Amino acid sequence: MSEDAITHTGSPAPSTGRALMLLALAVGLIALPFLVQALGQPALVPLATRVLIYAIAAASLNLALGFGGMVSFGHAAFFGVGGYVVGILYRTYVDDGLFLGLIPGTSQLLITLPAAILIGGLLALTIGALCLRTSGVQFIMITLAFAQMLFFLFVSLKAYGGDDGMTIRRRNELFGLNTRDDITFYFICLTVAALVFLALWRIIGSRFGMVLAGIRQNERRMAAIGIAPYRYKLAAFVISGMGTGLAGALMANYLRFVSPDMLHWTKSGELMIMVILGGVGTLLGPLFGAAALVILETVLTSWTEHWQLILGPILLLVVLFTQGGLNGLFNRLGIGRSER
Amino acid sequence: MTLVLEQLLNGLQFGVMLFLLAAGLTLIFGIMGVINLAHGSLYMVGAYAAAFAAAQTGSVIIAILAGLAAAALVGMAMELFVLRRLYARDHLDQVLATFALILIFNQSVTLLFGRQPLFVSVPPALNGSVELLPGLTYPIYRLIIIAVGLLVALGLYLLINRTRIGMLVRAGATHREMVRALGVDIRLLYTAVFGLGALLAGLAGLMAGPILAVQVGMGEQILIMTFVVVVIGGVGSIRGAFFGALLVGLVDTVLRAFLPGLLRQVMTGSEADALGAGLASMGIYMLMAVVLLVRPKGLFPANV
C-alpha cells in the first residue's frame, strides 16, 4: 500500500499498454474453452471455472482487505453461507416444502444468486457492525471468531447434512441452458465475474472508493474533515460480503455440493493468500492470485502427494522477496500498469 | 458433584496447556508485533520429537529433553531465517509467510512419520490415579500437567517482573525504539524471546502427547483456541494470557461436558448431541466476541 495510492485511485484513464492487456485478458478468457478443447484438454475448463469463482471471492475480500484496510480472517463465513443458500433452497425445492415455514425453495440461478448476495450482505452487516468496533489484531481475530461460530453452527445442523454436507443433485437452471455442461457453466461464471470486476472498478474509482482509501491511510484525518469512517468501512465490508456470498453460491453450483468445509478458517486463509499473492489493493491482483494458487495446487497435486512441501516454500519466497504480489511483479517487469 | 469437580479439573488442565502456548504467542506478538500462525507447529514439533525419542530410548527424561530442545531449536531457526525479515512488514505478509511455514512443517512431519497418529503412553511412574476427595479420583498425570503449568506461570511472572531480561522484555513491548536507542541488542532479545516461546510450546506439545493423539494438524486445532485466549486476555499481556487460558479452558470443557445433557432434556438424544456439540464448540468464540465488544483491547491490555 503506497502512500500516494489516493492520487491513483480516481477513475484511471487507462494507458494504452494497460488497455491492451485488459483486451488480451478478455479475449483470452473468452477464447479459453475453445482453445483448450482444440488442444484436447477439456478438463481445463472446470479448472478455469474454479479460478473465476475464487477470483470473485478474492476480489470481494480485497475490497475490504486491500482497499478498506480491514484484514478480515472470516470471509469463509460469507463464502460458505452463500453456498448454503443455494443448497438449502435446492433442498427445499426438491422436498416441495417451505424453509422456516415461509420461503419456498427454488432452483433458478436468477433467484439463488441474488438470494446469496442478499444473505451475504445481511450477514456482513451484522458481523461488520459488531467487528468494526475493534481494529488491528482484534479485528482479525473477531472476524475469525464469527466465522468459526458459523462453521460449528452448520456442523451441528443435522437437517442440512451436518458434518457431511449435502449434495445438490443438479446445478441451478438458467433460461433453459444446460448448466451441467462445463463450457456453458464457465461462461455463466465468466459473465458474473466480469460484472463483479466491473462493479468493483466503478466502486474503487468513485467518491466512495476515494474516501475508503483515505480512511485506510489515515482514519483520524478523514474523521477530522467530517467523514464518519465507521459507515464507510461498514458499507465496504457489506459489499465485500455480498460478493463473497455470490462466489460461494457459484461454488456450490460448480461442485454440486456444500459442506462446512466452505466455512472452515483455512478457506478464509486461502482467500487471503490469493489476495496477497496477487497483490493487495489492486483490481486485477486477486484474479492472478486465484489463478496462481488454484493452478499451482492442481499441477503440484498431480506431481506428488506432498505438494504442500513445494507450495509452502514458493509462498514463502513470494512474501520475502516480492513486494506487492504478482501484480507488483508484473508491474516491475513492465507488463502493463495497474492502478493502485 | 464429583463429576462437576472432575470436569473443572479437566478444564483447568486444558487451561494450563493453552496458557503454555498463549504465553509464547502473546510475548512474540506483544514484543515483536508478529502474528505467528506457525506457533502451533512448534507445539507439534515438541510432541513428535518427544514421542519419537520415547519410542527409541524408552527414557522419559530423554523424551522431555528432546521435545524441549527440538521445539526451541526449530523456533529459533524459524526466527532467524524467516520471521526476522518480517518485523517491519504489515500483518498480512506475516500471516502469509507463517501460513506457508505451517504447510512446510505439516508436510515434513507427514514425510518423516507418516499420516498415522502416534500414540504415546503415560510414563509408568505417573500412571495411576489419586483420590483427591472421597469419591473423586483423578489421574496423576493430569495433576502433574496442572502443576507444571502453574509452576511455569509463576516462573514467567518472576522472570518478567523480577529480572533484568524481564525488564527488557517489558520495555521492548511498550517502547521498542527507546530500548534499541539505549543500546540493547534487540535482535538477540527477539531471538531469545522467540526461543522461550517455542520452548513453552514444545513443553505443551510433549505433555499433550499421552493425552491426545500426536498427529499432523494437532497444532492448528489448538492454535486457533490459543489466539482466542490471547485476544481475550489482551494482546501482549502474560497475566491476560494466564486468566484468558483458564477461562477458555474451563468454559470449553464445561460446555462440552454438560451442554448435550441439558439439551437432551428438551429434545431427542441424537439431535441434542449434535446441537450440543456444535453450540459447545461455538462457546469460546461467543465468549471472545462478547469480551471484545465490551472491552475491545481484551481483559488485561498490556499497554495502558
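For the structure, check the block above.
Before going into details, it helps to say that this report is about the structure given with it. Quick caveat, the model's predicted, so the values are computed rather than measured.

### Quick look at the interface of chain A and chain B
Phase 1: Facing the 39 residues of chain A at the interface are 42 residues of chain B.
Phase 2: Summed over the shared surface of chain A and chain B, the number is 1 residue pair in polar contact (both at pLDDT 80 or more).
Phase 3: When residues of the side of chain A that touches chain B are traced back to their parent elements, those giving at least two are helix H6 (137–156), helix H11 (265–278) and helix H13 (308–321) of chain A.
Phase 4: For the side of chain A that touches chain B, a count of residues per class yields 28 nonpolar, 8 polar and 3 charged.

### Some remarks on helix H11 (residues 269–294) of chain B
Phase 1: Between its terminal C-alpha atoms H11 of chain B stretches 36 Å, which fits the 38 Å expected from 26 residues at 1.5 Å a residue.
Phase 2: Of all the bends in H11 of chain B, the greatest, near 35°, is centred on Gly-283 of chain B.

### With respect to the nonpolar core
Phase 1: Of all hydrophobic cores here, the largest spans 210 residues; its most connected members are Phe-19, Met-32 and Leu-37 of chain B.
Phase 2: The element contributing the most residues to this core is helix H3 (residues 44–67) of chain A, with 17 residues.

### Quick word on the environment of Ala-54 of chain B
Residue and element names in this part refer to chain B.
Phase 1: Looking at the element boundaries, Ala-54 is found in helix H2 (residues 39–57).
Phase 2: Ala-54 sits 13 residues away from Gly-67 along the chain, and the two C-alpha atoms are 9.7 Å apart.
Phase 3: Discounting chain neighbours no more than four positions away, the residues touching Ala-54 are Ser-59 and Ala-63.

### Here's the deal with unusual backbone geometry
Phase 1: Residue Arg-256 of chain A is not a glycine yet carries a positive backbone phi of 55°.
Phase 2: Residue classification places Arg-256 of chain A among the partly exposed positions, given a relative accessible area of 25%.

### Notes on a nonpolar patch on the surface
All names here are of chain A.
Phase 1: A contiguous nonpolar surface patch, about 440 Å² in accessible area, is contributed by Ile-295, Val-299, Trp-303, Ile-310 and Ile-314.
Phase 2: Breaking the nonpolar patch down by element, the ones donating at least two residues are helix H12 (285–303) and H13.
Phase 3: With 3 residues, the single largest contributor to the nonpolar patch is H12.
Phase 4: As for its position among the elements, Ile-295 is in helix H12.
Phase 5: Residue Ile-295 is classed as partly exposed on the basis of its relative accessible area, which comes to 39%.

### Things to note about the pattern of salt bridges
Phase 1: Tallying each qualifying case throughout the model produces 4 salt bridges over all chains.
Phase 2: For Glu-219 of chain A, the salt bridge goes to Lys-233 of chain A, with nearest N and O atoms at 3.1 Å. Within this pair, whereas Glu-219 of chain A is found in helix H9 (residues 219–224), its partner Lys-233 of chain A is found in helix H10 (residues 229–255), the two being separated by 14 residues in sequence.
Phase 3: Judged by its relative accessible area of 37%, Glu-219 of chain A falls in the partly exposed class.
Phase 4: Salt-bridge contacts for Arg-84 of chain B lead to Glu-79 of chain B; the nearest nitrogen and oxygen are separated by 3.5 Å.
Phase 5: Judged by its relative accessible area of 23%, Arg-84 of chain B is partly exposed.

Rules of the game
- Residues numbered from 1 in each chain as written.
- Chains lettered and ligands numbered in written order.
- Predicted model: local features only at pLDDT ≥ 70, side-chain atom pairs only at ≥ 80, totals over all residues.
- Heavy atoms only, no water.
- Contact = heavy atoms within 4.5 Å.
- Polar contact = N/O pair within 3.5 Å; in protein donor to acceptor, adjacent residues only side chain to side chain.
- Helix = DSSP H or I, 4+ residues; strand = E, 2+ residues; numbered from the N terminus.
- Nonpolar A, V, L, I, M, F, W, Y, C, P; charged D, E, K, R; others polar.
- Expected span 1.5 Å × (residues − 1).
- Bend = angle between axes of the 7 residues up to and from the residue.
- Core = buried A, V, L, I, M, F, W, Y, C linked by side-chain atoms within 4.5 Å.
- Buried < 20%, exposed > 50% of the residue type's maximum accessible area, 1.4 Å probe, protein only.
- Patch = residues over 30% accessible without salt bridge, like charges linked within 9 Å, V, L, I, M, F, W, Y side chains within 5 Å.
- Areas by Shrake-Rupley, 256 points an atom, 1.4 Å probe, with all protein chains shown as cover.
- Salt bridge = Lys/Arg side-chain N within 4 Å of Asp/Glu carboxyl O.

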